[in-house]
Structure formats: structure tokens, C-alpha cells
Amino acid sequence: MSGRDGFGRLVHAEWTKLRTVRGWVIGLVLAAFLTVGFGMLGPMGSQIACDHVNDAPTHSCHMSGPPKDATGQEVDDQSTFVHRTLTGDGSVTARLTAFGGLYSPDGGGSGDPSNPTAGMTSGLQPWSKAGILVKDGTATGSPYAAVLATGTHGVRMQYDYTHDTAGPNVAVTSGAPRWLRLTRAGDTLTGYESADGATWTEIGTADLANLPQSVQVGVFTTSPDFAVVKSSFGGSSTNTGPSLATGTFDQIAVTGQTAGDWTVPAIGSAAAADGGPGALQGPEAVAGAVPSGTGGFTVTGTGDIAPSAPGEGAGKTPESSLAGTFGGLIAVIVVAALTMTSEYRRGLIRTSLAASPRRGRLLAAKAVVLGGVSFAVGLVAAGIAVPAVTAVEHSKRMYVYYASTQTEIRMVVGTAALLAVSAVFALAVATIVRRGAAAVAAVIVAIILPYILAVASVLPAGAAEWLARVTPAAAFAVQQTVTAWPQVSASYTPTNGYFPLSPWAGLGVLCLYAAAAYAVAHRLLRRRDA
Amino acid sequence: MTTGTANPPPAIAVQALRKRFGATAALDGMSFDVAAGKVTGFVGPNGAGKTTTMRVILGLDAPDEGRALIGGVPYGKLRRPLGHIGALLDAAALQPGRSARNHLLWLAHSQGLGAKRVDEVVAASGLASAIKRKAGGYSLGMRQRLGIAAAMLGDPPVVMLDEPFNGLDPEGIFWIRGYLKALAAEGRAVLVSSHLMSELEGCADHLVVVGRGKMIADTGVAELIARSSGGRVVLRTGARAEATTALAEAGGTVAVTGPDTLTVDGLSSEEAVRILNADGVPFAELSAHRASLEEAYMDLTRDSVEFRAATTQTSTQASASGEVA
């Protein structure tokens, strides 16, 4: 504790007060245990049911998780890709003359192998894609750049799964075909589009440092699942079903040093490779490419080339290891409130104020000590919970989604800050109401109740998002690792782990509440007779 | 008030304090000074404004008007207040789960003092053997000692105690009286409040008597008792009737105060002895009466008690008419 003078000695005194009441110390230690302990309940319940034990020993029954790109980001990488080899610099140009699709709104595929698309409805998905692709081989998750048309989001340039640049928002029809072009110059790929093949507009560029000399270039089509989320009180239900898209490229031109002929995936080849029962039903059975016009192709595909949004049953998110934060938070709120209200209850506040007649400094010293200690508790608790819970999930052969080290540090430090700011909030409310039970109840209702309502799948998505935006519960965004990708349709609700605000903005909402309560507490403490 | 360099400001100066709590005037022009080197008793009935005055002195309550100064400085301006004035307002104001020593320790830290000073005041308080125990288990007497130890942490020149005798056993009362006298002998100003005059007997050098939020008397204890004793003689005799006749003839006012005791007003003890000897009236003992502090206090406040009753009546009428209006 620095200094024997001024503010430092008040901080020293408040630290002595805090550490010399055993109940409070136990409460703070308990906060760390609750955070880790509740977090452990998640993996305790993790269990992978294997229904194919006949052909695999139990120990090989595990969740593999989705494929990953070079950075570790989970991705979807499934499309129908007609490709050939390009070595060194060059370009690909193609004209997309028709783009349509089918989807299955009732969720099921056709049961009839002779007519796999029977019962499907005509129409594209918002993020159905058809376009040209430059890719490091055909391996899943490899680097790429693409210029493509979408179902409803216009023409775009995308690369390496997570990057997306909008071009003109036009729909492609047989009456209004679209020209697409990608050029490679070293590591730089530039995307263009054109209405007539004569006047070209640049959409964007990508630097793909890892791209080898020889790449696969060509045209592709893919289409993500149809999904409709119905949300109401009591939770939400999601209707999903397969979809397919068909793009017709009547002209394809490749400049530069090409080798070999076009590799054309045959209709149904992906389904045959899958080989599972039911593979000959639905879109996979009809995915593939056939020649069209002179040197063109009609390509039918299903799937997506995009980042993979964690969904139900697909593994655990890193932030699920911090699901116990609310437990630790309650303990911290109780201790923080009681450090103030017990002084009022016992009359000790008069001793404190006599020792520090500058009352604002007394409140500030308490805030510094409670905030600092809660931050340390949060740092230890989250620092243990994240690796420990993840390790247990792994030991149960669950898949845990990727988070960069930087993101993990943000989760841990953010959780510590969440506890620290909540402690100051509780202190301020306690100073205002001067009653322990009332202060604890008020802060829990302000922070934890909206958090539970928002994530517990009891409210419609709109109400849950509103709570996660305007109440102090917004601060839980600081733990979010999953990304709401604009180029992927998914149910981005707080229930699924997606908060409406960015991590630090969410924490900022809590900070605003804490600052407002602190200002009122400061004013009241200074004005009131003790 | 003029303060020259030759006259240091009083240890505590209470200047025309007024404070209302709703309809009640808790302080109604309270003024007095407390001097160094004396134990000043701060006496008055419950509700007279003693505790409110002390809270204002410590900056805990804000007066509506007036001010209180410690050595010429308002409390809020003191940077290490416990080095200027040590106070015990409420001995029960302790966190029950915290040990007595840790209570003193945080208070010491708040003033930039260390554990060494805590050990010193603990040794002087006589609590050394129990200091590691939780304060919640302390008896009232131990809490009073702990509160006094806390007040002495900053080695202050001014000490202020609110009702320190409350709930103490005779040994505790004796200890506090001695301790307060020792503090005054060291040159400190000691202000100690009580609603029972007898508690201050043999301890206070000076009295500030208050009632209904204002000061009624500000006087030295010796003068007050001398004034109250005023030429009264106590006589023990078996010949009550003869003595009464003789003394009354000589101009004394005689009252029967016991089976064989008379109290005589208006004659000195020498005159009474001469008259009784001259008339041959036997007596067992004759002494000049010395009023107790409590008697002196009752003499002093008799008028103001009547004044209080009148005021109460007036204010009742006022509030009644207020309701009608």
C-alpha cells in the first residue's frame, strides 16, 4: 500500500477493514469457488452418446468438431467447385447467367431415391452463393478468395472464410447476367464485377500471403441450410431444412499458365463419397456440375464456404467455461454491499467518517479496495475456470470451439472487470439504501436477473436482446467468444451466446450504471447527517 | 470573538449552533468553549442536545446555523483528525466479527499510524489480554475501554466522550474517572457528557449545563458547590426542640431533615456553635453543609425545569393551533 499520507492511508484502512472480517474473506474466496464450480457443472453433464459402437471401440467415440482454417477458426467449406490449376499470376472471368435454388421448409428431404428433390420449394437462401473461386487446393479449410453472387445480399468479394466485402446489391437473373473476375498478382487478389463484361468495377482486394504458386481456380455454387427461428415467451424453436442452389456460368475464361483440364464433380459424387444411409436423398444427391454452353458449366451445390457459427450439439463454446460467473458475482455483490451497510447498521460509519471527514475519499477508498480485490478474485477464478473446464470437456471428448489467446485473455480480464465494476456498483447502491438486504436484492435484480432472463431461453429473442443491451447484464458480452458473422445466417440471440453489444461496449453499459449509482452515493454520503 | 496571538483558541469552541430535526429544535443556539487542562462535564437531561452537539463538533451532523471549531479549525479541515481530537460517541459501534485489535488497527491505518501505536493504547486501556477476541463478545465495560483506546490512538490534545459511564460497574466508573483526570493533568481538554450529575462527582473541574438545545450554565465545579452550599449548617442533636427554638430566635431558618438532624439556613457554623453553647443545648455534631454536585445541579436547573415545562406547554398549544389552522 503506497504512502502513509492522504488517500493511500484510507485505502490501507479499508483494506484492513475488509481482510479482518472472516465472513467477508470467506465470501470472496467462495466467489472464486462458485465461479469455477458452477462452470464445472457444464462438463460434468457432458456425455457423448455413440450409436455406432459396433464398428468402433468406445475410446474412439469423440466429437471431432467442424473443420478449421489456417488460424484455427471453425469453418464450413462445402461447395460444388469446378476447377483447374493456375500457376503464378493470372485471372479468372466468368459470366453468371442464371441463379436459382430449392429448399425444404419442413425440414425433411425426399424419401424417394428416384426423385431426391421432390417436395422442395423453389427459391434461394439469403446467403446462397455462386461465383468464381481461387483456392489453395481443394482441401477443407484451405485459404481462398472468391467473387460471388448471393441470394439476397448482392455481389460480394469474400476470402479466407471470415472476410466479406460488399459489391453492388444486384440480383442475378437470366435477363440480367453478371460478370465476375478475380485476378492474381503475387499474393494480392483483386475482385471485380461487371454488368456487361466491358466496364469493370473493383470490389476489393485480398492479401493471401500463404497462397502457393499453384492454385485451383474455377466456378462454384453452394447454399446453406434454410432456417426460420420462431421465438416467443417460453423460448424459441428453429425450423431448418436443406437447400441447394444452381448457378449457370455460360462463359469461363482463365488467363495465365494453366495446366490440365477442368475437374468436374459429377452429380451425386459428394453423396456417394459420404456413403451414409440417406445420402441419396436431398440436395447432396443432385449436387454436381454439368457442361453448359461453350466452355461453361451449370453447377449445383449445397453447403457453405463461411465461418462456422457454433450451434446446438456442435460442441462447447469457450465462454461456457465461465457459466459460473453469476455465482461468483452474487458472492462479490453480497460482500461489497455488506462492507458498507454493516457500518450503517452498527453505527461504525460515524467512526469511519470521523477518521475521514472528507467523505468522498472514504467512498473512493472503499471502491478502490473492493474493486481491486474483486478484480483479483475474478482474475484467479476465470484464470482457473477457462483452462480447467476446457480440459475436463476435452477429457470427456467434447469439442470446444476455438478462441485465440487474445480472446481468452479478454474473457478472463473482462470477467475480472465484470466482478470489479459490479462490486463498485453494489457498494454505491449500498451507500444509497443503507440496508444490506435491500442493496443486495437491488443489485442482483439489476445485473443477474436480466442476465438469466436473457440467456435462459424464456423470453422472445427481441426482449432478450433488449435486456442484454440496456441492463447491466450487457456486461456479460465481455465473455463472448463466438462471432455473429454478418455473412452467415444463424440465430444470434443471447440465449445462443450472442450479445447485441461488443465485449467492451457491454462492459461499458455496466460501467455507466455503476458510475451513475456512484455519483448519487457520493452526493448522498456528503450531504446526509451520519 | 477576538483571538490574539497571546490567546490560543479554545480546545473546542461551540458557536451558536442551531439544528432542527423536523419540528424539533435539537440545538437552539448552543454555545460554549472547552478549555485545555480540565475535565469539563457536559450535562443535561436526555434530549438536551448533548449528542447532537458532539456530532456537530465531529462534522457528522451539519448544523443549520453556527459552527464548531477544534483548536480554531472546523473538523472537516483537519487532515489527521484523530491527532487533534479523539472521540467516543457510541461504544457499541463495532463490527462484531472483527477483533478488537483489528478495529484499532484499521483506525490507526486511516491516520497513517502503525501497529506499534495500537499496542501502546491497548496497554493503557487494560484490555491487553482480551484484545485478540472478537469485539462482538465484548461486555459494555470492555467496549467503553476499547472506545477510549480508539480515541487515544492519535494522542490528541482534545478528548470527547459521550456518556462513557453508561452501563459501567463501579470499578469501571472509578477507572474512567481516574483516566479522565490523568488526561486533564497532562494538559488535555476533556469533554465528557452525562445525564447523571453524580457520575461526574469528583471528576469534573468545570460544567457546561444544557437543556432544550441551549447552554444554561457554564461554571467551575468548586464555585457552583460553594454557591449551593451557601452558609448552611447541619446539626445532630438529641434535643431537637430546644435547638430549634434557640437557633430560630437567633435568626436562623431551621428545617428537620432527620430523626436527630436539623438543617439551619442563615447562620454560619461558628454562630450556631456560640448560640447552642450559650443556651446550653447539647449536640452530637455540627458541620458546615457541603452540597453534593447533584444538589448543586438541581439548584441550578430548578428554574430552567419550570422554564422547560412552560415551553413544552406553549409548543403543544402552538402545534395544536397549527393543526386547526
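Quick caveat, the model's predicted, so the values are computed rather than measured.

A.B. asks: Is there a simple way to think about the interface of chain A and chain B in this case?
C.D. replies: When the parts of a complex come together, some accessible area is lost, and that lost area is often taken as the interface size. Contact residues are listed per partner, giving 28 residues for chain A and 32 residues for chain B. Carbon and sulfur atoms supply 53% of the area that chain A and chain B bury against each other, a total of about 2,600 Å² over both sides. The largest per-residue losses of area from chain A upon contact with chain B belong to A:R9, A:R346 and A:D529, which jointly make up 22% of the total buried on that side. At the boundary of chain A and chain B, one finds 1 salt bridge.

A.B. asks: What's the story with the sheet that holds strand β1 (residues 12-21) of chain B in this structure? I'm lost.
C.D. replies: Two modes of strand pairing occur in sheets, parallel and antiparallel, and in both the strands are linked by backbone hydrogen bonds. Residue and element names in this part refer to chain B. In spatial order, the strands read β2-β1-β4; together these 3 strands make up an open sheet with antiparallel pairing. Each edge of the open sheet carries a strand with a single partner, namely β2 (24-34) and β4 (65-70). For this sheet, the mean angle separating the axes of adjacent strands, direction not counted, is 20°.

A.B. asks: What exactly am I supposed to notice about the pattern of salt bridges here?
C.D. replies: Between side chains of opposite charge, pairing is possible as soon as their charged atoms come close. For the coordinates displayed, the defined rule picks out 22 salt bridges over all chains. In this structure, the salt-bridge partner of A:K17 is A:E14, at a minimum N-O distance of 3.0 Å. With A:K17 and A:E14 both in helix α1 (residues 6-19) and 3 residues apart, the pair spans about one turn of that helix. The two residues A:K17 and A:E14 agree in class, both being buried. Note that B:K214 is salt-bridged to B:D28, the shortest N-O span being 3.8 Å. Residue B:K214 is located in strand β9 (residues 214-220), and its partner B:D28 is located in strand β2; the two are separated by 186 residues in the primary sequence. By relative accessible area, B:D28 is classed as partly exposed at 27%. In this structure, a network of salt bridges that share partners links the residues A:E14, A:K17, A:E343 and A:K366.

Rules behind the numbers
Residues numbered from 1 in each chain as written. Chains lettered and ligands numbered in written order. Predicted model: local features only at pLDDT ≥ 70, side-chain atom pairs only at ≥ 80, totals over all residues. Heavy atoms only, no water. Contact = heavy atoms within 4.5 Å. Buried area = accessible area lost by both parts, 1.4 Å probe. Salt bridge = Lys/Arg side-chain N within 4 Å of Asp/Glu carboxyl O. Pairing = 2+ DSSP bridges. Helix = DSSP H or I, 4+ residues; strand = E, 2+ residues; numbered from the N terminus. Axes fitted to C-alpha atoms, helices over the stretch in contact; angles between N-to-C directions. Buried < 20%, exposed > 50% of the residue type's maximum accessible area, 1.4 Å probe, protein only.

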